[in-house]
Amino acid sequence: MPAMATSPVGREAGRGLLTLANLITAVAPVAADWNDSHVFNQRWPSHARFHGVVTLAMTSSLAGLNLWSLWSGRTDRGTSRLFAVAVPVAYWGPFFVAPLVRGTGVDDPPHPIARVAGVPTSLLGAAGTTLTAVAGWLLDRRSD
């Protein structure tokens, strides 16, 4: 096992990555969707907008709770670590499943998503945040 993974530095690096993944999960969806491309999109049925608001509130609440759990010292370390990886992975992981369902799209005209080398930036962000959470979980777990 690498020295970093068994040291307090590995624990702090792992917790730092889990923190970053949860901060992104709490803030990025609201920043991306609390506008006329999603929540206030007049083309969306009211019930679709309702689900958008519910999803944003749920995700931000759970990620915020994870941040408290990771840093408060009041919860079991293994449990806080599990939920700190589970929420970002549960939110961002389905970004790769959704496009497989017929009739879905990663963007909706007139609100195109920017692309890098043809890949939607939303999928790049989802991949980065998912990998950050998993890497944090692995580092933190090895420091037990």
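Residues numbered from 1 in each chain as written. Predicted model: local features only at pLDDT ≥ 70, side-chain atom pairs only at ≥ 80, totals over all residues. Heavy atoms only, no water.

**Q** Requested: an account of helix α5 (residues 121–142), with residues and values cited.
**A** Across its 22 residues, α5 extends 31 Å between first and last C-alpha, which sits within 8% of the 32 Å expected from 1.5 Å per residue. Residues of α5 that are buried: Ser-122, Leu-123, Ala-126, Thr-129, Thr-130, Thr-132, Ala-133, Gly-136 and Asp-140. In this structure, the buried side of α5 is in contact with α2 (8–33), α4 (77–92) and β2 (119–120). (Helix = DSSP H or I, 4+ residues; strand = E, 2+ residues; numbered from the N terminus. Expected span 1.5 Å × (residues − 1). Buried < 20%, exposed > 50% of the residue type's maximum accessible area, 1.4 Å probe, protein only. Contact = heavy atoms within 4.5 Å.)

**Q** Please set out the environment of Asn-41 residue by residue, giving values where relevant.
**A** The residue Asn-41 is located in the loop between α2 and α3 (46–72) in this model. Residue classification places Asn-41 among the buried positions, given a relative accessible area of 4%. The residues contacting Asn-41, other than those within four sequence positions of it, are Asn-35, Asp-36, Arg-49, Asp-108 and His-111. Polar contacts involving the side chain of Asn-41 include one to the main-chain amide nitrogen of Arg-43, which spans 2.8 Å. (Polar contact = N/O pair within 3.5 Å; in protein donor to acceptor, adjacent residues only side chain to side chain.)

**Q** Which residues make up the nonpolar core, and what are the values?
**A** Counting six residues, the largest nonpolar core consists of Leu-18, Ala-21, Leu-70, Ala-84, Val-85 and Ala-133. Listing elements by their share of this core, those giving two or more residues are α2 and α4. Not counting residues within four places of it along the chain, the set of residues in contact with Ala-84 comprises Leu-18, Asn-22, Asn-66 and Leu-70. (Core = buried A, V, L, I, M, F, W, Y, C linked by side-chain atoms within 4.5 Å.)

**Q** Got a sec to walk through the side chain of Thr-130? Specific residues and values, please.
**A** Inspection of the secondary structure assignment puts Thr-130 in helix α5. A relative accessible area of 16% means that Thr-130 is categorised as buried. From its side chain, Thr-130 meets the backbone oxygen of Ala-126 in a polar contact 2.8 Å long. Residue contacts for Thr-130: discarding those within four places in its chain leaves Val-89, Trp-92 and Gly-93.

**Q** Just give me the short version of a nonpolar patch on the surface, but keep the residues and values in it.
**A** Side chains of Val-30, Trp-34, Phe-40 and Val-53 sit close together on the surface and give an oily, nonpolar patch of about 330 Å² of accessible area. Structurally, the position occupied by Trp-34 is in the loop between α2 and α3. Trp-34 gets classed as partly exposed once you look at its relative accessible area, which sits at 44%. (Patch = residues over 30% accessible without salt bridge, like charges linked within 9 Å, V, L, I, M, F, W, Y side chains within 5 Å. Areas by Shrake-Rupley, 256 points an atom, 1.4 Å probe, with all protein chains shown as cover. Salt bridge = Lys/Arg side-chain N within 4 Å of Asp/Glu carboxyl O.)

**Q** Provide a residue-level description of the confidence of the model for the protein, including the pertinent values.
**A** Overall, the prediction assigns the protein a mean pLDDT of 93, with 95% of residues at 70 or greater. Mean pLDDT per element in the protein: helix α1 (residues 3–6) is the minimum at 50, and strand β1 (residues 115–116) is the maximum at 98. (pLDDT = per-residue confidence, 0-100.)

**Q** Help me get a handle on the side chain of Arg-81, residues and values and all.
**A** Here Arg-81 is to be found in helix α4. Setting aside chain neighbours within four positions, we find Arg-81 in contact with Leu-18, Trp-137, Asp-140, Arg-141 and Asp-144.

**Q** Mind laying out the packing of α2 against α4, listing which residues take part and the relevant values?
**A** The geometry of α2 relative to α4 is characterised by a closest axis approach of 10 Å and an angle of 35 degrees between their N-to-C directions. As α2 packs across α4, the resulting crossing turns out to be left-handed. Mapping the contact onto sequence places Arg-11, Leu-18, Ala-21, Asn-22, Ile-24, Thr-25, Ala-28, Pro-29 and Asp-33 in α2 and Arg-77, Arg-81, Ala-84, Val-85, Val-87, Pro-88, Tyr-91 and Trp-92 in α4. Along the lines of polarity and charge, the residues of the contact of α2 with α4 split into 11 nonpolar, two polar and four charged. (Axes fitted to C-alpha atoms, helices over the stretch in contact; angles between N-to-C directions. Left-handed = near helix turned anticlockwise from the far one by under 90°. Nonpolar A, V, L, I, M, F, W, Y, C, P; charged D, E, K, R; others polar.)

**Q** Hey, could you go over the pattern of salt bridges for me, with residue numbers and the actual values?
**A** In total, this model carries five salt bridges according to the counting rule given. Here Arg-15 makes a salt bridge to Glu-12, at a shortest N to O gap of 3.1 Å. Of the two residues, Arg-15 and Glu-12 both sit in helix α2, three residues apart, roughly one turn of that helix. Classification of Glu-12 as partly exposed rests on a relative accessible area of 37%. Of the charged contacts in the structure, one is a salt bridge between Asp-108 and Arg-43, with a shortest N-O distance of 3.7 Å. With Asp-108 in the loop between α4 and β1 and Arg-43 in the loop between α2 and α3, this pair connects stretches of sequence that are 65 residues apart.

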